[in-house]
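# Residue-level structure breakdown
For reference, the chains in residue letters:
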Amino acid sequence: GQQVMQIPQYQHVQEGEDFTTYCNSSTTLSNIQWYKQRPGGHPVFLIQLVKSGEVKKQKRLTFQFGEAKKNSSLHITATQTTDVGTYFCAAQGYSGAGSYQLTFGKGTKLSVIP
Amino acid sequence: DTAVSQTPKYLVTQMGNDKSIKCEQNLGHDTMYWYKQDSKKFLKIMFSYNNKELIINETVPNRFSPKSPDKAHLNLHINSLELGDSAVYFCASSQTRDTGELFFGEGSRLTVL
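We now turn to the structure provided with this report. (Residues numbered from 1 in each chain as written. Chains lettered and ligands numbered in written order. Predicted model: local features only at pLDDT ≥ 70, side-chain atom pairs only at ≥ 80, totals over all residues. Heavy atoms only, no water.)

## Considerations on the layout of surface pockets
Roughly 540 Å³ of volume is contained in the largest pocket. Considering the residues around the largest pocket, the lining is formed by 23 residues, among which A:Gln2, A:Thr103, A:Phe104, B:Leu43 and B:Lys44 are closest to the centre. At the level of elements, strand 1 (4-7), strand 9 (85-96) and strand 10 (99-104) of chain A together with strand 5 (43-50) of chain B are the ones that each hand at least two residues to the lining of the largest pocket. Each residue belonging to the lining of the largest pocket can be placed in one class, and the counts come to 10 nonpolar, 10 polar and three charged. (1 Å grid on protein atoms, 1.4 Å probe; cavity = no way out; pocket = protein on both sides within 12 Å on 5 of 7 lines; lining within 4 Å. Points joined across faces, edges and corners; volume = space filled by probe spheres on them. Helix = DSSP H or I, 4+ residues; strand = E, 2+ residues; numbered from the N terminus. Nonpolar A, V, L, I, M, F, W, Y, C, P; charged D, E, K, R; others polar.)

What follows is the structure, encoded as structure tokens:
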């Protein structure tokens, strides 16, 4: 079955430092999604990447999808305390019989020290 | 109006009891899901329904029984609760079974004593 590795599991940064989380799949993906979960909250969709080599930006957040469509990264420039939370990748791959399965990574918990 | 709403938000109960969690979405989506998030924050899919039809049924004890009376509702009933069932249960929906972007409910925190 499809396996998704996400690293690191935890990251503590000083406010203003950059942060990156990585996601790797054992199989070629249809697309990859990123979600953010604030402490005590629910996962909220951030973005979906579909094309090989795709790069998308949302203000200080940069999302990349690898050329082979097996890996992805989320980079935050100059972190702020509002960036605190757990970031999940969710990889969508073909699971057979005409259907696709979404598999979540284990998440990276970001702490920002003011 | 909340897009995906689930009730109750909190449940505290004794081992061996039975409990239900209800979920409703007003987005007109075809597909609904139940996810379990344990204390380590891992999100695991439990079930998925597409237009009231069960399409994903992961390795979950048969004490867990989902029911979808219509495509806007997906309920979860748990029999004979165990300590290991303590977790946050999230309901989610997506436009179709193969469409990205899951919309999550706020979660139901279940504590089994």
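## With respect to the interface of chain B and chain A
Many structure descriptions define interface size as the accessible area lost when the parts assemble. Listed per partner, the contact involves 15 residues of chain B and 18 residues of chain A. Interface area, chain B with chain A, both sides summed: about 1500 Å², of which 57% is carbon and sulfur. Interface area lost by chain B to chain A is led by B:Phe42, B:Leu43 and B:Asp98, which between them contribute 30%. In this structure, the connection of chain B to chain A is made through zero salt bridges. The tally of links between chain B and chain A comes to three residue pairs in polar contact (both at pLDDT 80 or more). A breakdown of the residues in the side of chain B that touches chain A according to their chemical character gives six nonpolar, three polar and six charged. (Contact = heavy atoms within 4.5 Å. Buried area = accessible area lost by both parts, 1.4 Å probe. Salt bridge = Lys/Arg side-chain N within 4 Å of Asp/Glu carboxyl O. Polar contact = N/O pair within 3.5 Å; in protein donor to acceptor, adjacent residues only side chain to side chain.)

## Digging into the packing of aromatic side chains
All names here are of chain A. On inspection of all chains with the given rule, the structure shows 11 aromatic pairs over all chains. With centroids separated by 5.8 Å and ring planes inclined at 45 degrees, the aromatic side chains of Phe19 and Tyr87 adopt a geometry described as tilted. Of this pair, Phe19 sits in strand 3 (residues 19-25) while Tyr87 is found in strand 9, placing the two residues 68 residues apart along the sequence. As far as the burial class goes, Phe19 and Tyr87 line up, both buried. Aromatic pair Phe88 and Phe104: ring centres 6.3 Å apart, planes at 80 degrees, arrangement edge-to-face. Of this pair, Phe88 sits in strand 9 while Phe104 sits in strand 10, and the two are 16 residues apart along the sequence. (Phe/Tyr/Trp six-rings, centres within 6.5 Å; stacked < 30°, edge-to-face > 60°. Buried < 20%, exposed > 50% of the residue type's maximum accessible area, 1.4 Å probe, protein only.)

## Observations regarding the pattern of salt bridges
Residues and elements named next belong to chain B. Taken as a whole and judged by the stated rule, the model has six salt bridges over all chains. Where Glu106 meets Lys9, a salt bridge forms, and the shortest distance between an N and an O atom there is 3.3 Å. With Glu106 in the loop between strand 10 (103-104) and strand 11 (108-112) and Lys9 in the loop between strand 1 (4-7) and strand 2 (10-13), this residue pair connects regions lying 97 residues apart in the sequence. Taking the relative accessible area as the measure of exposure, Glu106 reaches 42% and is therefore partly exposed. One salt bridge in this structure joins Glu82 and Arg63, with 3.5 Å as the shortest N-O distance. In this pair, Glu82 is assigned in the loop between strand 8 (73-78) and strand 9 (87-94) and Arg63 in the loop between strand 6 (53-57) and strand 7 (64-70), connecting sequence segments 19 residues apart. According to the relative accessible area criterion, Arg63 is buried, its value standing at 13%. Several salt bridges converge on common partners, so that one network encompasses Arg63, Glu82 and Asp85.

## Topic: the sheet that holds strand 1 of chain A
Residue and element names in this part refer to chain A. Spatially, 1-3-8-7-6 is the arrangement adopted by the five strands of the open sheet, whose pairing is antiparallel. Every other strand in the sheet has two partners, leaving strand 1 and strand 6 (55-58) as the edge strands with one partner each. Mean inter-strand twist for the sheet, computed between neighbouring axes without regard to direction, equals 15 degrees. Pairing between strand 1 and strand 3: four bridges, direction antiparallel. Looking at the pairing, Gln6 lines up with Cys23 of strand 3. (Pairing = 2+ DSSP bridges. Axes fitted to C-alpha atoms, helices over the stretch in contact; angles between N-to-C directions.)

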